[in-house]
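# Fold and contact review
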Amino acid sequence: MVLQNITVIGAGTMGNGIAHIFAQNGFTVILVDVNAAQLEKAVQTIGRNLDRQVSKGMLTEEQKKITLSNLSTQTDIVAGTAKAGLIVEAATENIELKLKIFRQLDELAPADAILASNTSSISITKIAAVTKRPGSVIGMHFMNPVPVMKLVEIINGYATTKEVTETIVALSKQLGKVPCVVNDYPGFIANRILMPMINEAIYSLYEGVADVEAIDTVMKLGMAHPMGPLQLADFIGLDVCLSILRVLYDGFGNTKYAPCPLLVNMVTAGKLGMKTGEGFYLYTPGSKELMVSERFTK
Ligand code: NAD
């Protein structure tokens, strides 16, 4: 195994950021997605984010060039994983999809490769159980936006070996991140605490307690949160929030995690937040102004 070679599966919101930081820190990265257009978009996003780092004096032009030269893309998972020392899966938050991907990765990746998932809430133990190497499966939960956020929540599955945990802790530090090791229970720590707050904010809107701006302003100014919970939900993706709440609800069997019907409706209607241009707010490419969606201003 060469831990120099990193494969990232999924080039969406998280995958591009994960590929970015590994490439920036000198690793050879292959970014894999089933959707070629998504790969193109991811490389453009990485380029824009690197430009921002250069303009802020955090990176030189030369370092930006080296970062981009460390990165390549693939739509073929077979070619993308053959030489990987570590694979970080960041595909859509769907259990059946993740189990399918991990069965494939187990077949395709070198025998000593570590298989990590960036899942927000799906059981690492369950994912590991479909492989023949459960000791080498671990959660590596980066935060959004990955190049900016310091935390990596590292999740030990039931069978994850101490050696694998130590390797991933050391690697996270090498990326300039702060690792926190937690155990594998629904939602881990980050989302077990965050998602009930977001759900409660959506319930407050649904029940007419306050409007979008008031809810977010109370939490920003009152609790010193950099973003209100409704804006944060848009940023994460409402589909991702709904999937996590369902994992918490199913995992604990407790109705306190039942997703708000408004969230369910918005996801069904395809209003997924920033990535689709509309959630609680409207997002116009190139505009920094935050406008509440018309649906919530009537
Ligand atoms: P996303 O919807 O933005 O991107 C998912 C990508 O996976 C898409 O580009 C899709 O084409 C690709 N994909 C689907 N099936 C695939 C396959 N078989 N092989 C390769 N690629 C495939 O999702 P996201 O928000 O980036 O979330 C990815 C993962 O990260 C999820 O597990 C999510 O829970 C987790 N996560 C998300 C956030 C967040 O803020 N969005 C934060 C932390 C963790």
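Residues numbered from 1 in each chain as written. Predicted model: local features only at pLDDT ≥ 70, side-chain atom pairs only at ≥ 80, totals over all residues. Heavy atoms only, no water.

Our focus in this paragraph is the nonpolar core. Ile-18, Phe-22, Val-29, Leu-86, Met-140, Phe-142 and Ile-168 are the most contacted members of the largest nonpolar core, which has 35 residues in total. Element by element, the count of residues in this core is highest for helix 1 (residues 13–24), at six residues. Aside from chain neighbours lying at most four places away, what touches Val-29 is Ile-6, Val-8, Ala-19, Phe-22, Ala-23, Asn-70, Leu-71 and Ser-72. Counting residues in hydrophobic clusters, the runner-up holds 31 residues, among them Met-195, Ile-202, Met-266 and Phe-280. (Core = buried A, V, L, I, M, F, W, Y, C linked by side-chain atoms within 4.5 Å. Buried < 20%, exposed > 50% of the residue type's maximum accessible area, 1.4 Å probe, protein only. Helix = DSSP H or I, 4+ residues; strand = E, 2+ residues; numbered from the N terminus. Contact = heavy atoms within 4.5 Å.)

Before going further, it helps to examine a positive patch on the surface. Together, Lys-41, Arg-48, Arg-52, Lys-56 and Lys-288 make up a positively charged patch on the protein surface. Tracing the backbone through its elements, the reader meets Lys-56 in the loop between helix 2 (36–55) and helix 3 (61–69). Taking relative accessible area as the criterion, Lys-56 reaches 59% and is therefore assigned exposed. (Patch = residues over 30% accessible without salt bridge, like charges linked within 9 Å, V, L, I, M, F, W, Y side chains within 5 Å. Areas by Shrake-Rupley, 256 points an atom, 1.4 Å probe, with all protein chains shown as cover. Salt bridge = Lys/Arg side-chain N within 4 Å of Asp/Glu carboxyl O. Lys, Arg positive; Asp, Glu negative; His and termini not counted. Charge placed at Lys NZ, Arg CZ, Asp CG, Glu CD.)

This part is about the side chain of Thr-165. Structurally, the position occupied by Thr-165 is in helix 7 (residues 162–174). The exposure class assigned to Thr-165 is buried, which follows from its relative accessible area of 10%. Ignoring any residue separated from it by four or fewer positions in sequence, one finds Thr-165 in contact with Ile-138, Asn-156, Thr-160 and Val-181.

What follows deals with the packing of helix 8 (residues 190–206) against helix 9 (residues 212–223). Here helix 8 crosses helix 9 at 145 degrees, and the two axes come no closer than 9 Å. In terms of crossing hand, the pair formed by helix 8 and helix 9 is right-handed. Contacts from Met-197, Ala-201, Ser-204 and Leu-205 in helix 8 reach Val-212, Ile-215 and Met-219 in helix 9. Grouping the constituent residues of the contact of helix 8 with helix 9 by class yields six nonpolar, one polar and no charged. (Axes fitted to C-alpha atoms, helices over the stretch in contact; angles between N-to-C directions. Left-handed = near helix turned anticlockwise from the far one by under 90°. Nonpolar A, V, L, I, M, F, W, Y, C, P; charged D, E, K, R; others polar.)

A word on the environment of Gly-270. On the secondary structure map, Gly-270 appears in the loop between helix 12 (261–268) and strand 9 (281–282). The class of Gly-270 is partly exposed, set by a relative accessible area of 33%. Sequence spacing of Gly-270 and Leu-238 is 32 residues, and the spatial spacing of their C-alpha atoms is 9.2 Å.

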